[in-house]
Amino acid sequence: THCFWLVVPKCDGCSFNRGSLKVVFSMSLKSDASRRAQTVFTYWSSPTVQRAEMDSMGTSINVMFDQDTNQAGMLGTDTNCSQILDADCIPLLATNAMDASCVWSSPDSLFILLGSGATISPGDKVRLRRNSLKSVNEFSEASIAETIVSAPEFATVPFVTISGSDSIDPCSSLELYARADSPRALSFTWSCKNDDNVNRALRTIISSNVFLASGTKCMQVLDKTYTIVVTATNFLGATSAAVEFNVLKKGSPAPLLTFDPPALSITRDQAALIKVVATFSLCPIEKGKLVFQWSLLSVSDRRELSIDKQDAFNFEGSQLRIAEDTLDAGMSYSIGVKAYMENDPSKTTESEYLLSVQNRPLVLSILGGTQLSATTQRALVLDATKSGDPDFHGGQQDTELRFVWSCSILDGSIAVPCRYKNGTLLSNDLTPQATVTLTQHQLSNLHVTGDNPYVFQVQMMKTTKTPVSFRMPVTLVEQAIPDAVATSASGVLQTSGIVRINPGQQFIVHGSCRVSEKHHKHDQGTKKDMQLKWTVQPSIPDAMISILPGVDSELISRETFVVMPDLSAFVAGSSYVVNFRCIDATDVVATSSVLLSVNSPPRGSACTACRLSGTVCSSSNPKSGDPIFDSFRYACPNWADEDGPLEYQFMYFGESFKSVAYPEVVFDWSKSPSVDLILPPGSISLKARVRDSFGASTKWMSYMGKLNVGASPTTATSRRHVLSAGEDRWDEAKTKVQESLDLADAAKTNQLAGALAIQIKNRVAEEFDDRNTAMVKKEFLLS
């Protein structure tokens with residue numbers, strides 16, 4: 001035997017398939033060509049980038065490679081982009097590099113999740129870090145690939161809504177705000193369809209808000225409805241549909257009404273909460289309590305509603321709440337609200353609001369995980385009984401649902417119908433019901449599967465809904481094997497068969513294994529018992545996993561696989577496979593799997609805060625202001641996610657100038673990306689978080705900096721500052737509270753009361769008020 005050391009020749013002009021190329025290497029003696037040896041040698045190429053495409057919202061980039069890779073050695077929980085990307089690319093992904101993350105969804109697919117302040121755009125270059133990425137077996141040279149980021153095939157068009165008052169009077173200003181989900185700033189185009197003067201005033205505005213000063217001089221005609229139009233264009237070049245907003249300029253004084261949210265679309269299982277925010281006319285008229293009356297104006301298909309449903313819209317107050325499961329899916333409801341002065345009903349404003357109830361898609365699945373293992377030794381049950389119409393509320397079985405089953409198998413690269421051994425179609429025996437059973441006899445007349453499984457597909461239809469379908473691969477063997485089934489008990493099953501969850505959500509899978517005979521569960525001779533085993537790929541920390549025993553029987557063993565609700569368990573944006581393995585007492589194995597996709601929270605820019613001057617941020621000391629009487633706006637304007645619309649939650653906390661801590665004030669979730677705050681005196685900290693419609697939320701994000709509200713008597717440098725800090729504006733505060741009560745503005749009233757309660761406590765601590773004075777003030781707030 002002789003050993004030879006050879007230098008492998010380069011294969012620069014070779015054509016590789018998934019990173020490898022097999023060639024025949026042979027060697028013979030010069031003196032005797034008949035004495036030769038040969039083997040198959042595999043060349044491995046460095047991974048190359050097939051494409052790097054930005055997603056439709058502009059929040060991530062999907063990098064696809066020509067082969068499975070070693071993922072640059074990144075473990076399942078390692079999402080640091082500097083492990084895989086060149087240092088020059090990192091600043092383009094986020095202002096703070098740690099806000100961006102790089103997640104491998106599979107060995108050949110990398111997702112770059114962009115962070116706050118990302119500037120990378122289609123046309124920019126992505127370059128891999130040197131000596132980081134190799135083939136999956138690490139036999140290849142390290143990749144030095146780079147590529148240009150391409151635009152998405154179809155960029156998501158911004159969906160714009162406008163908020164503001166649709167009726168103003170001769171003394172009012174006009175404030176309109178356009179909103180749309182986007183991770184970066186939008187460019188807006190405003191116009192007016194039916195008035196040249198207004199059109200000239202609007203066409204220079206490219207921001208999201210319109211402000212026309214008190215009197216709205218360009219709106220010269222009274223008792224006229226002006227049709228204002230806006231479009232929004234995102235950084236990917238996608239432009240929204242033109243959205244119209246009608247504004248009536250009245251000829252006489254009247255309250256102004258603004259809706260929150262400006263428009264609302266819900267599903268049948270969601271409650272609707274609509275608030276109308278009123279402001280008094282700026283005309284010199286007497287103010288007083290406002291009365292609000294709600295009513296139903298019309299329904300989209302003009303159907304007659306039951307008395308109960310009509311009564312749901314009849315309400316007096318500034319907030320209308322309609323309980324869940326009250327309205328019908330696929331309908332739009334036009335709601336009217338009338339506001340008038342209690343002391344002068346002639347001062348009246350009416351406005352209209354559109355509430356839409358969306359149709360939810362049909363829900364379809366076949367029990368059994370991602371694939372079923374069948375044997376000719378038992379019947380096969382295909383069970384789609386967990387499917388249905390989520391909007392159905394008849395209380396009985398939904399008789400409008402129809403099921404159609406089919407079966408196919410790959411013949412080479414072509415899918416052909418499944419046939420029995422005698423050539424007849426299997427589909428003839430697939431009954432149009434939610435559950436289909438194939439008997440042992442039927443299965444025995446089918447060919448066992450090789451590399452390609454049978455693929456059973458069920459289509460579910462209903463007259464008023466879009467049909468949906470679900471596919472289940474089924475392998476068939478002649479050997480008696482256990483019946484292993486893994487079924488997810490959490491998350492949402494997609495039509496692709498993948499279960500989707502949110503980061504930090506508890507994940508539960510039930511595993512069941514049935515055998516046909518007792519000795520397969522426990523063998524008296526060998527003393528072996530059936531075993532159930534669970535694995536997760538890629539792996540997650542063992543400390544996050546619990547295996548709970550189930551209720552067994554003579555032929556069945558059960559377990560429940562639980563992943564604890566912890567953000568460190570699954571990485572957002574990643575995919576996992578939970579494998580359930582059943583080994584019977586005779587060592588025959590059956591498996592079942594659940595595919596898992598972890599939703600990624602919304603992405604966007606850093607939130608901002610400022611003191612308001614009118615409707616815009618003050619240019620002078622925007623982070624400072626007076627308690628109670630100044631308003632501060634905390635906004636998160638540039639956020640997006642494929643699961644829209646988004647919701648926002650805000651909070652503040654702080655301490656007085658004598659370091660007395662305030663309790664946290666947390667606001668309810670809202671569709672508004674901003675909140676206007678009335679704050680107590682002190683050093684105020686802010687936080688916000690954003691969640692998508694699927695429920696994935698960011699962590700609480702702290703505002704970088706603090707708001708300085710009020711002057712500190714201990715740090716004042718002049719007598720004027722000390723007097724300002726101790727000045728008691730209680731009478732003005734009472735007037736402000738009363739005005740808020742007259743407007744029936746519950747949110748503003750609560751903010752005022754909370755801020756005043758803290759201020760009352762502070763004034764006692766700082767010896768500006770005695771306890772008797774404080775008690776009188778508290779009694780007013782409690783009244």
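Bear in mind that the values here come from a model prediction, so they are computed numbers and not experimental data. (Residues numbered from 1 in each chain as written. Predicted model: local features only at pLDDT ≥ 70, side-chain atom pairs only at ≥ 80, totals over all residues. Heavy atoms only, no water.)

A. Structural context of the overall build of the chain. Assigned secondary structure in the chain consists of 8 helices and 53 strands. Considered along the principal axes of its C-alpha atoms, the chain spans approximately 110 × 65 × 60 Å. In the chain, which comprises 783 residues, the share counted as buried stands at 44%. If you sum the accessible surface of the chain, you get close to 39,800 Å²; carbon and sulfur atoms cover 50% of it. Here the chain holds 71 positive side-chain charges and 82 negative ones, and the gap between their average locations is 3 Å. (Helix = DSSP H or I, 4+ residues; strand = E, 2+ residues; numbered from the N terminus. Buried < 20%, exposed > 50% of the residue type's maximum accessible area, 1.4 Å probe, protein only. Areas by Shrake-Rupley, 256 points an atom, 1.4 Å probe, with all protein chains shown as cover. Lys, Arg positive; Asp, Glu negative; His and termini not counted. Charge placed at Lys NZ, Arg CZ, Asp CG, Glu CD.)

B. How the structure looks around empty space enclosed by the protein. Summed over all chains, the structure comprises 4 cavities of 30 Å³ or more. Approximately 70 Å³ is the volume found for the largest cavity. Together, Gly 58, Thr 59, Leu 114, Gly 115, Ser 116, Gly 117, Ala 118, Pro 183, Arg 184, Arg 603, Gly 604 and Ser 605 line the largest cavity. Across the lining of the largest cavity, the residue classes break down as 3 nonpolar, 7 polar and 2 charged. (1 Å grid on protein atoms, 1.4 Å probe; cavity = no way out; pocket = protein on both sides within 12 Å on 5 of 7 lines; lining within 4 Å. Points joined across faces, edges and corners; volume = space filled by probe spheres on them. Nonpolar A, V, L, I, M, F, W, Y, C, P; charged D, E, K, R; others polar.)

C. Geometry of the sheet that holds strand 34 (residues 507-514). With respect to topology, 4 strands assemble into an open sheet ordered 31-34-39-38, the strand pairing being antiparallel. Edge positions in the open sheet fall to strand 31 (483-488) and strand 38 (545-549), since each of these has one partner strand only. Put simply, the sheet's adjacent strands are angled 20 degrees from each other on average, direction ignored. (Pairing = 2+ DSSP bridges. Axes fitted to C-alpha atoms, helices over the stretch in contact; angles between N-to-C directions.)

D. Main features of the nonpolar core. Ranked by size, the top nonpolar core spans 31 residues in total, and within it Leu 380, Trp 405 and Phe 456 carry the most contacts. Listing elements by their share of this core, those giving two or more residues are strand 24 (372-375), strand 25 (380-383), strand 26 (402-411), strand 28 (435-438), strand 29 (454-462) and strand 30 (465-477). Element by element, the count of residues in this core is highest for strand 30, at 5 residues. Ile 501, Phe 507, Phe 580 and Val 594 belong to the second largest nonpolar core, which has 29 residues in total. (Core = buried A, V, L, I, M, F, W, Y, C linked by side-chain atoms within 4.5 Å.)

E. A look at the pairing of strand 39 (residues 556-563). Counting buried residues along strand 39, 7 of its 8 residues qualify, which places the element largely inside the surrounding structure. Looking at chain direction, strand 34 and strand 39 are connected through 8 bridges and run antiparallel. The partner of Ser 512 across the bridge, within strand 39, is Arg 558. Where strand 38 lies against strand 39, 5 bridges are found, and the strand directions are antiparallel. Considered in strand 39, the bridge of Ile 545 is made with Val 563. What sits between the antiparallel neighbours strand 38 and strand 39 is a turn of 6 residues.

F. Main features of the packing of aromatic side chains. This model, assessed by the stated rule, comprises 14 aromatic pairs. Linked through ring pairs, Phe 259, Trp 294 and Tyr 353 together constitute an aromatic cluster. Across from the ring centre of Phe 235, 3.9 Å away, lies the NZ or CZ of Arg 184, which sits over that ring. For the cation-ring pair, Arg 729 lies above Phe 629, with the distance from its terminal atom to the ring centre recorded as 3.8 Å. (Phe/Tyr/Trp six-rings, centres within 6.5 Å; stacked < 30°, edge-to-face > 60°. Lys NZ or Arg CZ within 6 Å of the ring centre and 35° of its normal.)

G. Spotlight on the pairing of strand 46 (residues 632-635). Residue alternation in strand 46 divides its side chains into two sets, Phe 632 and Tyr 634 and Arg 633 and Ala 635, and both sets are buried. Strand direction decides the pairing type here: strand 46 and strand 50 (residues 674-677), joined by 4 bridges, are antiparallel. Across the sheet, the residue bridging to Arg 633 is Asp 676, located in strand 50.

H. The sheet that holds strand 50, seen in detail. The strand order across the open sheet formed by 4 strands is 44-43-46-50, and the pairing between neighbours is antiparallel. Each edge of the open sheet is held by one strand with a lone partner, namely strand 44 (616-617) and strand 50.

I. Highlighting the pattern of salt bridges. With the rule as written, the count across this model stands at 32 salt bridges. Here Lys 462 ties to Asp 389 by a salt bridge, and the two come within 2.7 Å at their closest N and O atoms. Residue Lys 462 is located in strand 29, and its partner Asp 389 is located in the loop between strand 25 and strand 26; the two are separated by 73 residues in the primary sequence. Residues Lys 462 and Asp 389 agree in their burial class; the two are buried. One network of salt bridges, in which partners are shared, links Asp 269, Arg 360, Asp 389, Asp 391, Asp 398, Lys 462 and Lys 465. (Salt bridge = Lys/Arg side-chain N within 4 Å of Asp/Glu carboxyl O.)

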